[in-house]
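Residues per chain, in single letters:
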Amino acid sequence: MIQSDFDQRLRESAPEVEVPKDLSLHTASILADTQTRHRRRRFAWIGGALAVLLIGGGGTAATAATGIAPWAPDVQVQAPSAAHPQCNAGFEVSADNGTAPSAPVIRAARTILKSIDLKTLDTAPMQAYIVQQNATATNGTTGQSSPVHLDADDLKQQALEMTVNDIIQTRLSARGYDPTQVGLEATIAGCGK
Amino acid sequence: MSRVISTVDFNARVRENQDDLLRYLHRRLPNPADAADTYGETLLTAWRLRSKMPVSKEEARMWLFTVARNVTLNSRRSLARRSAAVQRLTDELKILSGPIHSETSEIQEAIASLPQEDAELVRLVYWEGMASHEAARVIGIMPSTARSRLSRARQILRESLTTIFTL
């Protein structure tokens, strides 16, 4: 038998495996499960033009709209809208998976968060990603197609949060930390919700 | 500091290679549930290790296969960790999984009888369509070593499959 025939027989011995036509949807769903595990959101942000302005660093205390609980996220941004000009949003690093709040990885994450320039952060790639993901979203229970539509302001806000989270996670990984020990929470105050 | 791939680019590299990765896993783990589980575990592991994913598309592809191979070798899968998303893929793979053709089973067994790394080298080259230097990267050996092992493996297969290959 000549070599080319021999090679062909070996190639044809590969078990026949049919890949589902909608593997992209499965992949997107698995990745979304994986990547959103540490993107907890206590509240949805309020809509409105996102003229992001960094107004405070770590340790700055503000009072939530209710006036009951002190509100002290690690960083705050103004996210005003016509209806809620005093709307503020904050990001806060949290300890996940039994990690001590004082652990080095948490301190490192908080340092990274505070170093991010929210005024100049490019969220366009994440917005495009969210749009693509939402267009191919499926119902988590039935698996049926269930596209999600966000208005422009919600899209910008979600992209901002995910971009910030992405930066923290990737920089922690690059520094040798386990990013699964860290969560990011977005909170709001004065936004009417 | 080394450049870390973004989430958007990470997801793009996964999507570009998803079909080949699933085929790779399913050929080594014929049980559809195992293949789907390992596919999900591969994506999770790749995500956790994404700071090590090369920026180059070609190198990222080889890196993903390396992750898949390591997950397959070290897999300690647990049904408790199977997400709803992975379960849906499992269900679909059950439908699509076909019978193994008997005429190829002898060749598959001959490949399986090779030393483990040599068998994987043959599968990567002939089943997954990789060049020998790409397969070497996935296994973690020198390209020259891969070429010599491949040559030796071919010879062994020719001898052990004389009956089939003289038909």
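Visitor: Which residues make up the overall build of chain B, and what are the values?
Guide: Within chain B one finds 9 helices and 0 strands. Helices and strands appear in chain B in the N-to-C order α-α-α-α-α-α-α-α-α. Expressed as a percentage of its 167 residues, the buried residues of chain B come to 40%. Partitioning the intrachain contacts of chain B with sequence separation of at least 6 by distance along the chain shows that 64% fall at a separation of at least 24.

Visitor: Go over the overall build of chain A with me, naming the residues and quoting the values.
Guide: Helix and strand counts for chain A come out as 5 helices and 6 strands. From first element to last, N terminus to C terminus, chain A shows the α and β order α-α-β-β-β-β-β-α-α-α-β. Among the 193 residues that make up chain A, the fraction classed as buried is 34%.

Visitor: Let's hear about the environment of Arg69(B): which residues, and what values?
Guide: Tracing the backbone shows Arg69(B) in helix α3 (residues 57-74). Residues Arg69(B) and Thr42(B) lie 27 residues apart in sequence; the distance between their C-alpha atoms is 8.7 Å.

Visitor: Provide a residue-level description of helix α7 (residues 132-139) of chain B, including the pertinent values.
Guide: Here α7(B) has its buried residues at Glu134(B), Ala135(B), Ala136(B), Arg137(B) and Val138(B). Positive phi shows up at Gly140(B), right after α7(B), with a value of about 90°.

Visitor: So what's going on with the interface of chain B and chain A? Which residues, and what values?
Guide: Contacts between the two partners involve 43 residues from chain B, matched on the other side by 34 residues from chain A. Elements supplying a minimum of two residues to the side of chain B that touches chain A: α1 (7-28), α2 (32-48), α4 (84-96), α5 (102-112) and α6 (116-127) of chain B. Broken down by element, the side of chain B that touches chain A gets its largest block of residues, 11 residues, from α1(B).

Visitor: Which residues make up the confidence of the model for chain B, and what values go with them?
Guide: Residues and elements named next belong to chain B. Summary statistics for chain B give a mean pLDDT of 82 and a share of 80% for residues scoring 70 or more. Element-level mean pLDDT values for chain B span from 66 in α4 up to 93 in α6. Low pLDDT, under 50, characterises residues 76-80; the predicted model gives this stretch 4 contacts beyond four residues in sequence or across chains. Among the scores for the predicted complex, ipTM is 0.76 and pTM is 0.56.

Reading the values: rules and limits
Within each chain, residues carry numbers counting from 1 in the order of the written sequence. Labels are handed out in written order, letters beginning with A for the chains and numbers beginning with 1 for the ligands. Only residues with pLDDT of at least 70 are given local features in this predicted model, and only at 80 or more are side-chain atom pairs given and counted; all residues enter the totals for whole chains, interfaces and linings. Here a helix means four or more residues in a row that DSSP labels H or I, a strand means two or more in a row labelled E, and each is numbered from the N terminus. Three exposure classes are used. Buried residues have 20 or more other C-beta atoms within 10 Å of their own C-beta, exposed residues have 12 or fewer, and partly exposed residues fall in between, all C-beta atoms being placed from the backbone. Think of it this way: build a C-beta for each residue from its backbone, and any pair within 7 Å is a contact. Each residue carries a pLDDT value, the predictor's own confidence for that position, ranging from 0 to 100.

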